[in-house]
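Below are the chains, spelled out letter by letter.
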Amino acid sequence: MKQVYRYLHYLFWRLNGGLPNGYVKQFILRKAFKTNDFYAFIETGTHRGQMVAAFRDVAPAIYSVELSDSYAQAAKKRFKGLDHVRIIQGNSAEQLPLILNQQHGPSLIWLDAHYSGGDTAKGAEDSPISQEIKAVLESPYRHFVCIDDARCFDGSDGYPSIAELKLMLRTKYMLEVKADVIFCYPKSLE
Ligand SMILES: C[S@@+](CC[C@H](N)C(=O)[O-])C[C@H]1O[C@@H](n2cnc3c(N)ncnc32)[C@H](O)[C@@H]1O
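Cut-offs used in this document
- Residues numbered from 1 in each chain as written.
- Predicted model: local features only at pLDDT ≥ 70, side-chain atom pairs only at ≥ 80, totals over all residues.
- Helix = DSSP H or I, 4+ residues; strand = E, 2+ residues; numbered from the N terminus.
- Rg over C-alpha atoms; globule rule 2.2 N^0.38 Å.
- Buried ≥ 20, exposed ≤ 12 C-beta atoms within 10 Å, placed from the backbone.
- Contact = placed C-beta atoms within 7 Å.
- Pairing = 2+ DSSP bridges.
- Axes fitted to C-alpha atoms, helices over the stretch in contact; angles between N-to-C directions.
- Near = placed C-beta within 6 Å.
- Nonpolar A, V, L, I, M, F, W, Y, C, P; charged D, E, K, R; others polar.
- Expected span 1.5 Å × (residues − 1).
- Right-handed = clockwise from strand over helix to strand, strands pointing away.
- Core = buried A, V, L, I, M, F, W, Y, C linked by C-beta atoms within 7 Å.
- Parallel < 35°, antiparallel > 145°, perpendicular 65-115°, else oblique.
- Left-handed = near helix turned anticlockwise from the far one by under 90°.

**Student:** Would you explain the overall build of the chain in this entry?
**Tutor:** A tally of helices and strands in the chain yields seven helices and seven strands. For 190 residues, the compact-globule estimate of 2.2 N^0.38 gives 16 Å, and the chain sits close to it at 16 Å. Dimensions of the chain, computed from the C-alpha atoms along their principal axes, are close to 40 × 40 × 40 Å. In the chain, buried positions account for 38% of the 190 residues. At a minimum sequence separation of 6, the contacts of the chain that also span at least 24 residues come to 59%.

Written out as structure tokens, the structure reads:
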């Protein structure tokens, strides 16, 4: 039922354009996951666990990192009893390299950790994306990396510009911006 709801949001967005909402992004990412044989779904920035919930029936293993203690605890409670879901409290700049070290194949990585106002957490900068990218590049696998909020990548507040991002990833990834998401396609899957 939820999938029908996501699909309707996706169709509406395709017809009308504009900024896609969370359901549209969930639809796009789930579709990408299902058409590839990914090892795990890895997310930075759990928040209320909406993306984790969208993946719990699709991914064999889910890792999600959240800096805010209260959001992390709430997500742990929400997904309690699901052995394939791991919510990790901490800074993704430090936790993502540890998670990637445990992987044995390419994963779909959703980079969405950033200060989002209100009671959301803030690390050293609004976005830990530069350290996250470094961790991805050090991994021996060619993951499929999706970075949310493409519109924020303007070279300020810890966000590199899209051109800088392209330069950082150029050895291993090709970038495409669609639906406010930066899709980083591996040049080859290993
Ligand atoms: C936009 S929300 C994530 C939404 C979620 N990924 C989804 O799709 O439903 C961003 C979250 O990142 C968290 N955050 C901020 N900086 C972080 C960091 N350095 N490491 C991990 N989480 C961080 C915030 O507390 C916030 O909950």
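From this point, the narrative continues.
**Student:** What is the right way to look at the sheet that holds strand β6 (residues 173–178) in this model?
**Tutor:** Two orientations exist for strands paired in a sheet by backbone hydrogen bonds: parallel and antiparallel. Read across the open sheet, the seven strands follow the order β3-β2-β1-β4-β5-β7-β6; overall the sheet is mixed. The outermost strands of the open sheet, each flanked by one partner alone, are β3 (85–89) and β6. With strand direction ignored, the average angle separating the axes of adjacent strands in the sheet is 15°. Pairing geometry for strand β2 (residues 62–66) and β3, over five bridges, is parallel. Residue pairing in the sheet places Ile62 in a bridge with Val85 of β3. Packing against the sheet, helix α2 (residues 22–35) makes contact with β1 (41–44), β4 (108–111), β5 (144–148) and β7 (181–186), and its axis sits at approximately 160° to β4. Strands β6 and β7 of the sheet are contacted by helix α7 (residues 162–169), whose axis makes an angle of about 155° with β6.

**Student:** I keep staring at the site of the ligand and nothing clicks. Help me out?
**Tutor:** The full set close to the ligand counts 25 residues, and Gly45, His47, Met51, Ala121 and Gly123 are the nearest of them. Counting residues per element, the ones that place at least two in the shell around the ligand are β1, α3 (50–55), β2 and α5 (92–101). Its residues assigned to classes, the shell around the ligand comprises nine nonpolar, 12 polar and four charged.

**Student:** Would you mind going over α2 with me for this structure?
**Tutor:** Along an α-helix, residues three or four apart share an orientation, since each turn contains 3.6 residues. Spanning 14 residues, α2 covers 20 Å between terminal C-alpha atoms, matching the ideal 20 Å at 1.5 Å per step. Those residues of α2 lying buried are Val24, Lys25, Gln26, Phe27, Leu29, Arg30 and Phe33. Contacts from the buried residues of α2 go to α1 (2–16), β1, α3, β4, β5 and β7.

**Student:** What am I meant to see in the pairing of β1 here?
**Tutor:** Successive residues of a regular strand alternate their side chains across the two faces of the sheet. Judged by which residues are buried, β1 turns out to be covered on both faces: Phe41 and Glu43 on one side and Ile42 and Thr44 on the other are all buried. Taking the sense of rotation as the criterion, the β-α-β connection linking β1, α3 and β2 turns out right-handed. Where β1 meets β4, four bridges bridge the pair, whose relative direction is parallel. Note that in β4 the partner of Phe41 across the bridge is Leu108.

**Student:** Even after reading the chapter, I still don't get the nonpolar core, so can you show me in this structure?
**Tutor:** Nonpolar side chains in soluble globular proteins tend to be buried together. Formed by 44 residues in total, the largest nonpolar core has its most connected members in Phe41, Ile62, Leu108, Val145 and Ile147. In this structure, Ile62 is in contact with Ala40, Phe41, Val52, Phe55, Arg56, His84, Val85 and Arg86, ignoring residues within four places of it in sequence.

**Student:** Help me understand the packing of α5 against helix α6 (residues 129–138), please; the structure alone is not making it clear to me.
**Tutor:** Angle between the axes and distance between the axes: these two values describe a pair of packed helices. Running from N to C, α5 and α6 cross one another at 15°; their axes reach a closest spacing of 8 Å. By the criterion of interaxial angle, the relationship of α5 to α6 is roughly parallel. Read as a crossing pair, α5 and α6 show a hand that is right-handed. The residues of α6 that touch α5, namely those facing Ser92, Ala93, Leu96, Pro97 and Leu100, are Gln131, Glu132, Ala135 and Glu138.

**Student:** Can you walk me through the environment of Asp154 in this structure?
**Tutor:** The residue Asp154 is located in the loop between β5 and α7 in this model. According to the C-beta neighbour criterion, Asp154 is exposed, with 11 such atoms within 10 Å. C-alpha of Asp154 to C-alpha of Tyr115: the two residues are 39 residues apart in sequence and 15 Å apart in space. In this structure Asp154 touches Tyr159 and Ser161, once residues within four positions along its chain are discounted.

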